[in-house]
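Residues per chain, in single letters:
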Amino acid sequence: MLTSVDDARRIVMESLPLPLFEECLLGDLQGRVLAADVTAPFPMPRFTNSAMDGFAFRMADAAVGSSYTPVRLPVSLRIPAGSNSAAALPPGSAAEIMTGAPMPDGSDTVVPFENTSGFGASEVEIYRLPKAGANVRHRGEEVAMGQRVLEAGWRISPAEIAVLASFGVESVPVWCRPSVALVVVGDELQRQGGTLTEASIYDSNSHMLRAACRSAGIDPVIVLYAEDDPAAVRKVLATALATADVTVTSGGISTGAYDFVQAELAQLGIEKKFWTVSQKPGKPFYFGCSPGGKAVFALPGNPVSALVCFMEYCVPALMKMQGLTLPAKLQATLDAPFPADRKRYRFLPGVLREEGGRLFCRTTGLMESHMATSFVGANCIIESPPLDTPVPEGETIACSLLPWASLRS
Ligand code: AMP
Ligand code: MG
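Fair warning: this is a prediction, and the values are worked out from it, not measured in the lab. (Residues numbered from 1 in each chain as written. Chains lettered and ligands numbered in written order. Predicted model: local features only at pLDDT ≥ 70, side-chain atom pairs only at ≥ 80, totals over all residues. Heavy atoms only, no water.)

A. Quick look at the sheet that holds strand β17 (residues 271-275). Read across the open sheet, the six strands follow the order β15-β12-β16-β20-β19-β17; overall the sheet is mixed. On the outer flanks of this sheet lie β15 (222-226) and β17, each paired with one strand and no other. Strand-to-strand twist in this sheet, taken as the mean axis angle between neighbours without regard to direction, amounts to 20°. As paired strands, strand β12 (residues 180-185) and β15 are joined by five bridges and run parallel to one another. In the sheet register, Ala 181 faces β15, and the bridge partner there is Ile 222. The sheet contacts of helix α3 (residues 205-215) involve β12, β15, β16 (246-250) and β20 (295-299), and relative to β12 the element is tilted by about 160°. Along the sheet, helix α4 (residues 230-243) makes contact with β12, β15, β16 and β20, crossing β15 at roughly 170°. (Pairing = 2+ DSSP bridges. Helix = DSSP H or I, 4+ residues; strand = E, 2+ residues; numbered from the N terminus. Axes fitted to C-alpha atoms, helices over the stretch in contact; angles between N-to-C directions. Contact = heavy atoms within 4.5 Å.)

Below is the structure:
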C-alpha cells in the first residue's frame, strides 16, 4: 500500500528525535537557531550619554541666547568617549563632550560643535541653540534591564550577534545541528575525473544532495559510495549510521533485482516507517528510524525524484531538528495549466514570480524524473493532490520557494 503524501509528511515529523541544544560562542553563531530567550542584563544604553560631538550644558543657563546674540559659556570639563569622569557640570558652564561619552551630572542638552565656536578654547559660543534635552541618549531608552531582546527559535544573523555582543554575552544556547551522512548506491556510477565505460554514468546525486543539504544549513559530515552489492551496501550504511544523526541515501531503494538498501537497513536494525509514497516523482521513497532515534531517508536514484524527496521531506525534518519552524506553503495563480496526476500527488519544478503584489507560477516545461535539467531555472516546487483533470490556468496552487532561489518579478 502506498503511503499518502500527507501521512508521509506527518510520520516523518512525528518520528524525529527532540532537538538538543548546545552552548555556542559568538564567533560561531551566524545561522544558528536560539534555543532560549535572551533578556537584557543591563539597560541599553547603560549610562546617559551624548549623541553628538559637541558641548553639554544646562538649558537653563542658555535661556538668554538668541540667533543674534550667541550664548557664551566657560568650558569647565572635557569628556572624551570612554571617560570615567563622573564630575558634575559646574553651574553656568559647558563641557566639551564626544559622541558616546557620559553626560556630566547636571547637564541636560548637547549642542553639536558645528553650531558653536568649536573645541579647544576656554569658553564656547553657541550660535544655534538646540531644543532642550536634544542630542542626549538616555539610560535604558533603547532596552530596559530584564527586557527580552531575542526570542528562542530565531535564526541568528549579524543583527542578533551585534545585540548579544553589545550586552557582553559570550555564548548562548542554540539548537544542535543534526549531522547528515550521504550514501550513494549504484554499480553504474562513476566519479567525476574517472573514465566512463559504455554503460556507466557520472554520479550527480551526491553533489546535488550535498548542495541541497547545505541550503538547509547543514554540511554533510560524510559522503559514502557503494556498488549494488548487499555487503557493500551494508558496510556503508553501518558507517553512515555510526557517524551521523540522519542518513540520506540515493538509489537502490526501488523494486529492482539489485536494490538492496531496504533489506540492509532492516539487517542493521532500522525500523521501516514507510516505503513507497503515492507521489510523482519519488514513489519508491523510504523512511525509517533506529531505536536510538537516528533517521534514514532512502531516496530514489533518479535525480529529480531524489531532489523532490529531499526538499519535501528531508529539509523540513532538518529544519525541525534545528528548532526551526517550517514556512507555510505559498499559494500562487497558475500562468499555465498544471498536469496533475489522476492517482498520485504531483510535484513539479516551477518558476514563481511576483507581479502587482500577487504570486504567479508555472512549471519549467519538459520534466522527467531522470532528467536533471528539469530543475534548471526553477525557483520553486509546485504541488497538487491527485486530480482527474489538469489544474487550469488562473487557478490557485500550492508551491514552495527553493531555499537557494529567489522570487522572480
Ligand atoms: P535506482 O533508484 O537505483 O533504481 O536508480 C534510478 C535511476 O537513477 C537510474 O537511471 C540510475 O542510473 C540513476 N541514478 C542512481 N543514482 C544516481 C546518482 N548518484 N547520480 C545520478 N543518477 C543516478
Ligand atoms: Mg540503482
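From this point on, the discussion continues.
B. Spatial organisation of the pairing of β20. Along β20, five of the five residues are buried, which leaves the element largely enclosed by surrounding structure. Going residue by residue along β20, you find Ala 295, Phe 297 and Leu 299 tucked away on one face and Val 296 and Ala 298 tucked away on the opposite face as well. Examined bridge by bridge, β16 and β20 share five bridges and lie parallel to one another. Across the sheet, the residue bridging to Val 246 is Ala 295, located in β20. Judged from the four bridges that link them, strand β19 (residues 286-289) and β20 form a sheet pairing that is antiparallel. Within β20, the position partnered with Gly 288 by the bridge is Val 296. (Buried < 20%, exposed > 50% of the residue type's maximum accessible area, 1.4 Å probe, protein only.)

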